[in-house]
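For reference, the chains in residue letters:
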Amino acid sequence: MGNFNFFEYHTLISNDNVLLSYKGPLTDILLAEFSRDIRDKLKEDKRAGKKVFAIFMELAQNVLYYSKEVNLFGNNDKVGTLVILDIGDAYKVITGNMVYKTSLPLLIEKCEMVNSLDRDALREYKRELRSAPSEGESRGAGIGLVQAALTADNHLEMIVQELQGEHAFFVLGVLVEK
Amino acid sequence: MENLEIKGESGVYFIPNVSLNAQTGTCEISGESYLEDTSEFYNGIINWIEQYTIEVKGALTFNFKLTYFNTSSSRSILDVLRTLKKYQDQGGGVTINWYYPEDDDSIAEEAEDYMKDTGLAINMFSFEPDED
């Protein structure tokens, strides 16, 4: 088993504060199942629960469209990691996926731009993105990130890990206060 | 002219309820919107409105009563509103009512943003969504 401690891993994801933890191929069907599960788990906390759901949907759809890691068995589904944590006075929605190193500058620039704007400016920016014709490959990329920041009323957190070769692992986190 | 009725459902996607009435001119889109092909779905609604403005030419009241929609749907809703604005600019009677869940400020904000985008007047009302 090398350095992998199954029980450590199992304890980590079995912790009460992990509402969702998934790594693997993503499909629309899985997303629908996860979304139902999240709603069910957060139904007592309607306001924050709905925000977590809406943010999860936008970020997970981004992973579904853009992840550069593909499951080579079966249907070439996009691979990603989805995590939702309950950290006491807030929830945290985290997604991770592989991207090309070459697309990192634009991705980071988009997130930094979102983080630099106040709420009114962010709404304005969203309107701008929404009015523009969809940009080819991006299928509305950017607007999902803007919406996630607006819904959470919080910044986007990014972590990038450069891998060997042409890929990097990109992690995006959004905190939703209860 | 025929009415357009779509029964909403929540499966892999969330399809909103759509009820467009050519006799009364009263139209409603309600529920949740997250679709496999968003433009195709809303183009059906836009085509119905365009046909109505040519064949029936009556007043239109559009009630939006959505509890969730993704950003892709929000683009398409803008296109629906733009179509309604076009009709209004041609002299058509258009009333837009936007119902937002009372605990959801972001859906209320959307109406304000749509007003800025289209120049339409949108009446806003809060409502208490049904519990599932």
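Counting of residues starts from 1 at the beginning of each chain's written sequence and follows it residue by residue. Whichever chain is written first is A, and whichever ligand is written first is 1; the rest continue in order. Predicted model: local features are reported for residues with pLDDT of at least 70 only, side-chain atom pairs are reported and counted for 80 or more only, and whole-chain, interface and lining totals are derived from all residues. The side-chain figures draw on all heavy atoms in the structure; neither hydrogens nor water molecules are used.

(A) A look at the packing of helix 2 (residues 71-89) of chain B against helix 3 (residues 105-118) of chain B. All names here are of chain B. One way to put it is that helix 2 packs onto helix 3 with a least axis distance of 10 Å and a crossing angle of 50°. When the axis of helix 2 is compared with that of helix 3, the two are oblique. Between helix 2 and helix 3 the crossing geometry is right-handed. Touching S74, I77, L78, L81, R82 and K85 of helix 2 are Y114, D117 and T118, all from helix 3. The axes are straight lines fitted to the C-alpha atoms, using for helices just the contacting stretch, and the angles between their N-to-C directions are given from 0 to 180°. The helix count covers DSSP runs of H or I at least four residues long, the strand count covers runs of E at least two residues long, and both are numbered beginning at the N terminus. Note on angle classes: values under 35 degrees are labelled roughly parallel, values over 145 roughly antiparallel, values of 65 to 115 roughly perpendicular, and the remainder oblique. Working rule for handedness: look at the near helix, and if it is turned counterclockwise from the far one by less than a right angle, call the crossing left-handed; if clockwise, right-handed. Note on contacts: a residue pair qualifies if any of its non-hydrogen atoms lie within 4.5 Å across the two residues.

(B) Focus on a nonpolar patch on the surface. Residues and elements named next belong to chain A. Like-charged residues are merged into a patch within 9 Å and nonpolar side chains (Val, Leu, Ile, Met, Phe, Trp, Tyr) within 5 Å, provided each residue has over 30% relative accessible area and no salt bridge. A 1.4 Å probe and the Shrake-Rupley method give the accessible areas. Residues count as covered only by the protein chains that appear here. Salt bridges are identified by distance alone: a Lys or Arg side-chain nitrogen within 4 Å of an Asp or Glu carboxyl oxygen. Taken together, F4, F6, F7, Y9, L12 and I13 make up a surface patch of nonpolar side chains, about 630 Å² in accessible area. With respect to the helices, strands and loops of the structure, Y9 is situated in helix 1 (residues 6-14). In this scheme, a residue with accessible area under 20% of its type's maximum is buried, one over 50% is exposed, and one in between is partly exposed, where area comes from a 1.4 Å probe on protein chains only. Looking at Y9, the relative accessible area reads 40%, which means it is partly exposed.

(C) Up close: helix 3 of chain B. Taking 1.5 Å per residue as the helical rise, helix 3 of chain B with its 14 residues ought to reach 20 Å, and the 20 Å between its terminal C-alpha atoms agrees with that figure. Among all positions in helix 3 of chain B, only I107, A108, E109, E110, A111, D113, Y114, D117 and T118 of chain B are buried. The span expected for a helix works out to 1.5 Å for each residue beyond the first.

(D) Quick look at the packing of aromatic side chains. Residue and element names in this part refer to chain B. Between rings of Phe, Tyr and Trp, where Trp is taken as its six-membered ring, a pair exists when centres lie within 6.5 Å; planes separated by under 30 degrees are stacked, by over 60 edge-to-face, and by other angles tilted. What the rule picks out here adds up to 16 aromatic pairs over all chains. Geometrically, the ring pair formed by F41 and Y42 is edge-to-face, given 5.3 Å between the ring centres and 75° between the ring planes. Both residues of the pair, F41 and Y42, count as buried. Plain terms: the ring middles of Y99 and F125 are 5.1 Å apart, the flat faces sit at 25° to each other, and that makes the pair stacked. Separated by 26 residues along the polypeptide, Y99 in strand 7 (residues 94-101) and F125 in strand 8 (residues 122-127) bring together distant segments of the chain.

(E) Representation of the pairing of strand 4 (residues 17-20) of chain B. Residue and element names in this part refer to chain B. Side-chain alternation along strand 4 places V18 and L20 on a buried face and N17 and S19 on a face that remains uncovered. Two strands pair if DSSP finds at least two bridges between them. Pairing geometry for strand 1 (residues 4-6) and strand 4, over 3 bridges, is antiparallel. Within the sheet, the bridge partner assigned to E5 lies in strand 4 and is S19. As paired strands, strand 4 and strand 5 (residues 26-33) are joined by 4 bridges and run antiparallel to one another. Bridge pairing links N17 to S30 in strand 5. The turn joining strand 4 and strand 5, which pair antiparallel and follow one another in sequence, is formed by 5 residues; a positive phi near 75° is taken by G25.

Nothing here speaks to function; it is all geometry.
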